Amino acid sequence: MVDVSQHDMVPDHSIVADEELDGVLEEYDIKSTDLPKIKRTDPALPDDAEVGDVIKIVRDSRTTDTATIYRLVVE
């Protein structure tokens, strides 16, 4: 079977540490539940991602070199 998360077209997905998450949520003045969602079954997620974790996705951008987005893992 193919590991989708290792494909060149899939951006980097990583679990956000609590310290970094606090800074991100404070910067945008939101709660983690306000973030867009990503399902736990998404094949691009790290294997150790659990429901409630926040995932940092860094992808290529035409205008800013890279774009960073955050997603909350849900069931």
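For the structure, see preceding data.
What you are looking at is a predicted structure, and each value in this text was computed from that prediction instead of being measured.

J.: How should I be thinking about the pattern of salt bridges in this particular structure?
T.: Opposite charge on two side chains permits them to pair, given that their charged atoms come into close proximity. This model, assessed by the stated rule, comprises one salt bridge. The closest approach of N and O atoms between Glu20 and Lys56, which form a salt bridge, is 3.2 Å. Here Glu20, found in helix 1 (residues 18-28), pairs with Lys56, found in strand 3 (residues 54-61); they are 36 residues apart in sequence, far enough to count as distant.

J.: Please clarify how the nonpolar core should be interpreted in this entry.
T.: Note on soluble globular proteins: their nonpolar side chains tend to be buried together. Within the largest apolar cluster, eight residues are counted, these being Val16, Leu21, Val24, Leu25, Leu35, Val54, Tyr70 and Leu72. Where this core is concerned, the elements lending two or more residues are helix 1 and strand 4 (65-74). Top element by residues in this core is helix 1. It accounts for three residues. For Leu35, the residues in contact, after removing those within four places along its chain, are Leu25, Ile30, Val54, Tyr70 and Leu72. Grouped together as the second largest cluster of nonpolar side chains are seven residues, Leu45, Ala49, Ile55 and Ile69 included.

J.: What am I meant to see in unusual backbone geometry here?
T.: With the exception of glycine, most residues fall at negative phi, and the peptide bonds are largely trans. Its identity as a non-glycine residue notwithstanding, Asp29 has a phi of 55°, on the positive side. Among the secondary structure elements, Asp29 is positioned in the loop between helix 1 and strand 2 (37-39). Even without glycine at this site, Asp65 takes up a positive phi of about 70°. With respect to the helices and strands, the residue Asp65 is situated in strand 4.

J.: When you look at helix 1 in this model, what are you seeing that I'm missing?
T.: Along an α-helix, residues three or four positions apart point the same way, because every turn accommodates 3.6 residues. For helix 1, every residue scored as buried is listed here: Leu21, Val24 and Leu25. Axial view of helix 1: buried residues confined to an arc of 95°, hence all on one face. Among the exposed residues of helix 1, those pointing more than 90 degrees away from its buried face are Glu19, Asp22, Glu26 and Glu27. Looking at the buried side of helix 1, the elements it contacts are strand 3 and strand 4. Within two residues after helix 1, Asp29 carries a phi angle of roughly 55°, on the positive side.

J.: Quick question: what am I supposed to make of the pairing of strand 3 here?
T.: Remember that side chains alternate between the two faces of the sheet whenever the strand is regular. By the bridge criterion, four bridges tie strand 1 (residues 12-15) to strand 3 in an arrangement that is antiparallel. The residue of strand 3 that forms the bridge with His13 is Ile57. Note that strand 3 and strand 4 share eight bridges and pair antiparallel. By the bridge assignment for strand 4, Asp60 is matched with Thr66.

Cut-off values and rules
Residues numbered from 1 in each chain as written. Predicted model: local features only at pLDDT ≥ 70, side-chain atom pairs only at ≥ 80, totals over all residues. Heavy atoms only, no water. Salt bridge = Lys/Arg side-chain N within 4 Å of Asp/Glu carboxyl O. Helix = DSSP H or I, 4+ residues; strand = E, 2+ residues; numbered from the N terminus. Core = buried A, V, L, I, M, F, W, Y, C linked by side-chain atoms within 4.5 Å. Buried < 20%, exposed > 50% of the residue type's maximum accessible area, 1.4 Å probe, protein only. Contact = heavy atoms within 4.5 Å. Arc of directions from axis to C-beta. Pairing = 2+ DSSP bridges.

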